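Working through the structure, step by step
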Amino acid sequence: MTSQPISEADLHAWADERLAPARRAAVEAWLADHPDDHARVDDWRRDARLLRRALAQVAEQAMPPRLALPAPQSRLAPFAPMAALLLVAAVGAGVGWTARDRTAARSTIDAFAQRAAVAHVVYTPDMRRPVEVGAEQEQQLLTWLSKRLGDGVEAPALQPLGYRLVGGRLLPGEHHPVAQFMYEDAQAHRLTLYVSREVRADAAEPARFRFASAEGVHTFYWVDGRFGYAISAEADKTRLLEVAHAVHDQLDPPK
Amino acid sequence: MRVDDQVQLLACIPHLRRYARALLADAHLADDLVQDTLERACWKLSFWQRRSGLRAWTFSIMHNLFVDRLRSDRLRAERPLDEAALDMLAAPAQHDRLELRDVDRVLQRLPVEQRSVLLLVAVEELSYEDVARILEIPVGTVMSRLSRAREAMRGRLGSTIEARREPLQRVK
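Here's what I pulled together on the structure shown here.

Rules used in this analysis
Residues numbered from 1 in each chain as written. Chains lettered and ligands numbered in written order. Predicted model: local features only at pLDDT ≥ 70, side-chain atom pairs only at ≥ 80, totals over all residues. Heavy atoms only, no water. Helix = DSSP H or I, 4+ residues; strand = E, 2+ residues; numbered from the N terminus. Buried < 20%, exposed > 50% of the residue type's maximum accessible area, 1.4 Å probe, protein only. Contact = heavy atoms within 4.5 Å. Areas by Shrake-Rupley, 256 points an atom, 1.4 Å probe, with all protein chains shown as cover. Pairing = 2+ DSSP bridges. Axes fitted to C-alpha atoms, helices over the stretch in contact; angles between N-to-C directions. Expected span 1.5 Å × (residues − 1). Arc of directions from axis to C-beta. Phe/Tyr/Trp six-rings, centres within 6.5 Å; stacked < 30°, edge-to-face > 60°. Lys NZ or Arg CZ within 6 Å of the ring centre and 35° of its normal. Polar contact = N/O pair within 3.5 Å; in protein donor to acceptor, adjacent residues only side chain to side chain. Parallel < 35°, antiparallel > 145°, perpendicular 65-115°, else oblique. Nonpolar A, V, L, I, M, F, W, Y, C, P; charged D, E, K, R; others polar.

As for the overall build of chain A
- For chain A, the count of helices and strands is nine helices and seven strands.
- When the 255 residues of chain A are sorted by exposure, 47% land in the buried category.
- Considering only residue pairs separated by 6 or more positions, chain A has 56% of its internal contacts joining residues 24 or more positions apart.
- As displayed, chain A has an accessible area near 12600 Å², and 53% of this comes from carbon and sulfur atoms.

Given below as structure tokens:
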């Protein structure tokens, strides 16, 4: 298929899995005839694997608080987007949000709930700009979030339970964005609804509520065939469960 | 800052931390470098022309800051290992695994220009073209440094694990 001689660059590209199939086949055929070089590139691959495994823990660690919180005198302090970015990571560290937690068998959805709780803690105290798009632009908010998540999202109506919609924002999930809606009651207590496509159920599984609590924040969460949902608040657990039921009934009505 | 960019910038942080940590063999220095990189990336984001991906762009910023520091001698890449930080960060010793301190020891024996190429290719898995852009060198130079780095490393990591497996038989 190719008469181009095998170069050192080809060997690297083979070790790094960057060759198109035709070229890869040619290199592999050549390596079969050159055992010393084969051993060499196998060692390269093995060393790369060992390095990645050993360094994975750094990528997976929670951010140390020192890194994440800008110093008070920092010229960044007025620079809100950066502060918000770092604060998410810092609070993640504080509530034990690490990928190591995520590697336990049952923990993909539990990690999702942890992220929801973190996001709740980060954004609900904000008085000036708690949401990116306010409830007065609800339709635009939903259109935007639906586009980013890749499926239609809705903000459930929670007025019967005493909560009005404040607005929403987009946040980083593990690989794709997630949506956060914020609600507020008459006493300015806030509740957040976190919606993600990254955790979804097999169609066959019935939705069931799970509960987690950390640092005074309660979270009810569940998945259906389209999304994972998490409702977080500092509110009384019973009241929060009522909200969870209301949200579930509106977004994922019983058949 | 656009939300999309904010989301993506957040996702870069673990990669930047990993690369800085491996490059510098010192957790505190690494996090200093990452923090400065993030600050600069936030300020410059409006100027980013999107010729490369965001991650490669943030790595370029980090590389420039790293080089500036090397030049100004505030930071020497070949510092003695920060043992206390390594102890804090290293996972419990497993006898068939490499520890972070093993990686530091082996990597620090490489000249920094080989170390950076090896890490960006083998660990960060960036393309050779992105690595060339980040380090501001031709692709040919990336490949030759990669060759030297891989040959120099060859077998050292594996033999570290072998040595750990049979500590009583290791002869000094």
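Describing the sheet that holds strand 5 (residues 210-214) of chain A
Residue and element names in this part refer to chain A.
- Strands sit in the order 1-2-3-4-7-6-5 across an open sheet of seven strands; the sheet is antiparallel. Looking at which strands have only one partner, the edges of the open sheet turn out to be strand 1 (133-134) and strand 5.
- Note: strand 5 against strand 6 (residues 217-223), five bridges, orientation antiparallel. Within strand 6, the position partnered with Ala-212 by the bridge is Thr-219.
- Contacting strand 1, strand 2 (164-172), strand 3 (177-184) and strand 4 (190-196), helix 8 (residues 138-149) runs over the sheet at an angle of about 25° to strand 2.

Some words on helix 8 of chain A
Residue and element names in this part refer to chain A.
- Between its terminal C-alpha atoms helix 8 stretches 16 Å, which fits the 16 Å expected from 12 residues at 1.5 Å a residue.
- The set of residues buried in helix 8 consists of Leu-141, Leu-142, Leu-145, Ser-146 and Leu-149. For helix 8, the angular spread of the buried residues around the axis is 125°, confining them to a single face. Among the exposed residues of helix 8, those pointing more than 90 degrees away from its buried face are Gln-139 and Lys-147.
- Taken together, the buried residues of helix 8 touch strand 1, strand 2, strand 3 and strand 4.

Considering helix 5 (residues 100-108) of chain B
- Here helix 5 of chain B lies mainly inside the structure; seven of its nine residues are buried.
- All buried positions along helix 5 of chain B are accounted for by Leu-100, Asp-102, Val-103, Asp-104, Val-106, Leu-107 and Gln-108 of chain B.

What about the packing of aromatic side chains?
All names here are of chain A.
- Overall, the coordinates contain seven aromatic pairs over all chains when judged by the stated rule.
- Between Phe-227 and Tyr-229 the ring centres are 6.1 Å apart and the planes differ by 75°, which places this aromatic pair in the edge-to-face class. An identical accessibility class is assigned to Phe-227 and Tyr-229; each is buried.
- One aromatic cluster is present, built from ring pairs that chain together Phe-209, Phe-211, Phe-220, Trp-222, Phe-227 and Tyr-229.
- The side chain of Arg-45 reaches across the aromatic face of Trp-14, ending 4.8 Å from its centre.
- For the cation-ring pair, Lys-237 lies above Phe-211, with the distance from its terminal atom to the ring centre recorded as 4.0 Å.

Remarks on the side chain of Asp-10 of chain A
Residues and elements named next belong to chain A.
- Inspection of the secondary structure puts Asp-10 in helix 1 (residues 8-15).
- Classification of Asp-10 by relative accessible area gives buried; the value is 10%.
- Of the polar contacts made by the side chain of Asp-10, one reaches the backbone nitrogen of Ser-7; its length is 3.0 Å.
- In this view, Asp-10 contacts Pro-5, Leu-19, Arg-23 and Val-27; residues no more than four positions away in its chain are not counted.

A closer look at the packing of helix 6 (residues 112-123) of chain B against helix 8 (residues 139-153) of chain B
Residues and elements named next belong to chain B.
- Running from N to C, helix 6 and helix 8 point in directions that differ by 95°, and their axes come no closer than 8 Å. What the angle tells us is that helix 6 and helix 8 run roughly perpendicular. Across the interface between the two elements, Glu-113, Gln-114, Val-117, Leu-118, Val-121 and Ala-122 of helix 6 pack against Val-142, Arg-145, Leu-146, Arg-148, Ala-149, Arg-150, Ala-152 and Met-153 of helix 8.
- For the contact of helix 6 with helix 8, the residue count by class is nine nonpolar, one polar and four charged.

Keep in mind that these numbers describe shape and distance, not what the molecule does.
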